Amino acid sequence: MNILDQTHDQFAESFFQRYGKRTFYSTPVYHQVMHCGSVDLDRLSCFSRLPALAGQLRRDLVLDTGRVVAQAKDHGVVKFITRLADGLDIESVIIPMFRRFTLCVSSQVGCRMGCRFCRTGRMGLLRSLTTAEIVGQVHTARHRLGVDVRNVVFMGMGEPLDNLDNVMQAIRVLSDQRGMDIARRYITVSTVGLIGGIDRLAGMDGTPVNLAISLNAPDDTLRSRLMPVNRAMPMAPLREALLRYPLARKSAIFVEYVLIDGVNDRPEHALAVARYLAPLPVKLNLIAYNPAPGDAWKAPSTESYTRFRDRLVAEKIFVRRRGEKGGRIMAACGQLGGAAAGSPEQL
Ligand code: SF4
């Protein structure tokens, strides 16, 4: 029984089915795992008179979050690499934001979307993560690295909507108030624009999570060059899906735009992006491209970045600058996947 892939009620049900015991026994176990990080049945008084059950539980309960094999820090951003049971590595990034910590989680090992500006895309898809492996990244950050993560963004390795069943179950587990207790308004799923997945996420039980869309181009021609997924799901039907997405009051769709020197950074590109986004409530995160060593593309100049941003702002698009924090340790946007974590600096 892997607790990390179950909500409180699911765990209570499977506990009852297996042992015939109700929440008087299962709730303290669930609480201990989610709030204290481990199971120590000796500290749960309800098991003191049931040594046989305690022994059986010790054999049955699985709490395998993988092994942290490297971590590195740059300007407060921490990247950690977790080795999973089958030997594959995933990367997660802790980002300090105001008084909260955000964890950028991976949903797959590699990715098959092939976005040309992304190192993860060059790996191809090795496999999707299980629910427990996704939730395990938050568990590791909180209980092994001691960081009180309160925001979760699905912007690490992988396309979350390409692993949607496990991602939706992870959202249920993470947002369970009797467990991890991360409110859904603090969870964001980022996608390249898999339209069927956006609609499924929109229809998910409970409060909708935030949605982020990776745009990166002003028109289908350029977007298809940068993001092959656009050939099958072009920008017009994508915008229809975004218009259908249920947003919480005063909320907006987050739009990610990676600005690449000489590729998608012209003023007319900014104007076309603004026109495309005009019918949508959006907040646009403008990210200067983070080149890796040997990369053919470059980051935009400060002048080009400012010109592009100002043009969007003039068209009444809300623009936020997304920093390049973490670039030194290959933890910035588009840099996850296969790179060494750099010189580990312990937390
Ligand atoms: S940007 Fe996201 S969807 Fe595109 S290849 Fe990278 S990880 Fe995959």
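Given the structure is predicted, the values throughout are model-derived calculations rather than measurements.

*Asks:* Any chance you could explain the overall build of the protein chain here in plain terms?
*Replies:* Counting its regular elements, the protein chain contains 12 helices and 12 strands. Here the C-alpha radius of gyration of the protein chain, 21 Å, is about what a compact globule of 347 residues would show, namely 20 Å. Here the C-alpha coordinates of the protein chain stretch approximately 75 × 45 × 35 Å along the principal axes. Among the 347 residues that make up the protein chain, the fraction classed as buried is 54%. Within the protein chain, contacts between residues at least 6 apart in sequence are counted, and of these 66% link residues at least 24 apart. Total accessible area on the protein chain stands at roughly 15400 Å², and carbon and sulfur atoms take up 51% of it. For the protein chain, the centre of its 46 positive side-chain charges and the centre of its 33 negative side-chain charges are spaced 3 Å apart.

*Asks:* How should I be thinking about the sheet that holds strand S12 (residues 318-322) in this particular structure?
*Replies:* Backbone-to-backbone hydrogen bonds pair the strands of a sheet. The strands run either parallel or antiparallel. Strand order in the open sheet made by the 10 strands is S1-S2-S3-S4-S7-S8-S9-S10-S11-S12, with mixed pairing throughout. The strands lining the two open edges of the sheet, one partner per strand, are strand S1 (67-74) and S12. Going across the sheet, the axis of each strand differs from the next one's by a mean of 25 degrees, ignoring polarity. Pairing analysis gives four bridges linking strand S4 (residues 100-104) to strand S7 (residues 149-154), with the strands arranged parallel. Pairing of Phe 101 across the sheet is with Val 149, part of S7. Contacts from helix H6 (residues 164-174) reach S7 and strand S8 (187-191) within the one sheet, and its direction differs from that of S7 by about 170 degrees.

*Asks:* Is there a simple way to explain the packing of helix H11 (residues 267-277) against helix H12 (residues 302-314) in this structure?
*Replies:* To characterise two packed helices, one gives the angle between the axes of the helices and the distance between these axes. Closest axis-to-axis distance for the H11/H12 pair is 9 Å, and the angle between their directions is 30 degrees. In terms of crossing hand, the pair formed by H11 and H12 is right-handed. Across from Pro 267, His 269, Ala 270, Leu 271, Val 273 and Ala 274 in H11, the residues of H12 making contact are Arg 307, Phe 308, Arg 311 and Leu 312. Here the contact of H11 with H12 is composed, by residue class, of seven nonpolar, one polar and two charged.

*Asks:* Is there a simple way to explain the state of the cysteines in this structure?
*Replies:* By definition, a disulfide links the sulfur atoms of two cysteines through a covalent bond. If you walk through the whole model with that rule in mind, you get zero disulfides. Just so you know, Cys 36 is unpaired, no disulfide at all, and the nearest cysteine sulfur is the one on Cys 46, 13 Å from it.

*Asks:* Which parts of the structure should I look at to understand the site of the ligand?
*Replies:* As a structural note, the neighbourhood of the ligand is formed by Cys 111, Met 113, Gly 114, Cys 115, Cys 118, Thr 120, Gly 121, Gly 158, Glu 159 and Val 192. Here the shell around the ligand is built from residues that sort into five nonpolar, four polar and one charged.

*Asks:* Help me out: how do you make sense of the pairing of strand S3 (residues 89-97) in this one?
*Replies:* Look at any regular strand and the pattern is simple: side chains alternate between the two faces of the sheet. Across six bridges, strand S2 (residues 77-83) lies against S3 in antiparallel orientation. Opposite Val 78, over in S3, you have Ile 94 as the bridge partner. Remark: five residues form the turn of the hairpin made by S2 and S3, two consecutive strands paired antiparallel; Gly 87 in that turn has positive phi of roughly 90 degrees. Between S3 and S4, which pair antiparallel one after the other, the connecting turn spans two residues, and Phe 98 there sits at a positive phi close to 50 degrees.

*Asks:* Could you clarify how one ought to interpret the nonpolar core in this entry?
*Replies:* Looking at soluble globular proteins, one finds that nonpolar side chains tend to be buried together. Counting 100 residues, the largest nonpolar core has Phe 47, Phe 154, Leu 201, Leu 277 and Leu 284 as its most contacted members. Counting residues per element, this core draws most heavily on H6, at seven residues. Of the domains in this structure, domain 1 (3-60) and domain 2 (67-329) are the two that each give at least three residues to this core. Setting aside its immediate chain neighbours within four residues, Leu 201 contacts Leu 161, Leu 164, Met 168, Ile 171, Val 189, Val 209, Leu 211 and Tyr 245. Core analysis: the second largest hydrophobic core is formed by six residues, Val 77, Val 93, Cys 104 and Leu 336 among them.

*Asks:* For this particular structure, what's the right way to read the domain arrangement of the protein chain?
*Replies:* Size of an interface, as often reported, equals the accessible area lost when the parts are brought together. Taken domain by domain, the protein chain comprises domain 1 (3-60) and domain 2 (67-329). Taking the mean C-alpha position of each, domain 1 and domain 2 sit 35 Å from one another. On the domain 2 side, the residues contacting the 13 residues of domain 1 number 13 residues. Carbon and sulfur atoms supply 57% of the area that domain 1 and domain 2 bury against each other, a total of about 1100 Å² over both sides. Summed over the three residues of domain 1 that lose the most area to domain 2, namely Leu 4, Asp 5 and Met 34, the buried surface amounts to 44% of that side. Viewed at the interface, domain 2 and domain 1 are joined by one salt bridge. Across the salt bridge formed by Asp 9 and Arg 178, the nearest N and O atoms sit 3.1 Å from each other. Joining domain 1 to domain 2, the criterion identifies eight residue pairs in polar contact (both at pLDDT 80 or more).

Rules used in this analysis
- Residues numbered from 1 in each chain as written.
- Predicted model: local features only at pLDDT ≥ 70, side-chain atom pairs only at ≥ 80, totals over all residues.
- Heavy atoms only, no water.
- Helix = DSSP H or I, 4+ residues; strand = E, 2+ residues; numbered from the N terminus.
- Rg over C-alpha atoms; globule rule 2.2 N^0.38 Å.
- Buried < 20%, exposed > 50% of the residue type's maximum accessible area, 1.4 Å probe, protein only.
- Contact = heavy atoms within 4.5 Å.
- Areas by Shrake-Rupley, 256 points an atom, 1.4 Å probe, with all protein chains shown as cover.
- Lys, Arg positive; Asp, Glu negative; His and termini not counted.
- Charge placed at Lys NZ, Arg CZ, Asp CG, Glu CD.
- Pairing = 2+ DSSP bridges.
- Axes fitted to C-alpha atoms, helices over the stretch in contact; angles between N-to-C directions.
- Left-handed = near helix turned anticlockwise from the far one by under 90°.
- Nonpolar A, V, L, I, M, F, W, Y, C, P; charged D, E, K, R; others polar.
- Disulfide = S-S within 2.5 Å.
- Near = heavy atom within 4 Å.
- Core = buried A, V, L, I, M, F, W, Y, C linked by side-chain atoms within 4.5 Å.
- Domains from an automatic or database assignment.
- Buried area = accessible area lost by both parts, 1.4 Å probe.
- Salt bridge = Lys/Arg side-chain N within 4 Å of Asp/Glu carboxyl O.
- Polar contact = N/O pair within 3.5 Å; in protein donor to acceptor, adjacent residues only side chain to side chain.

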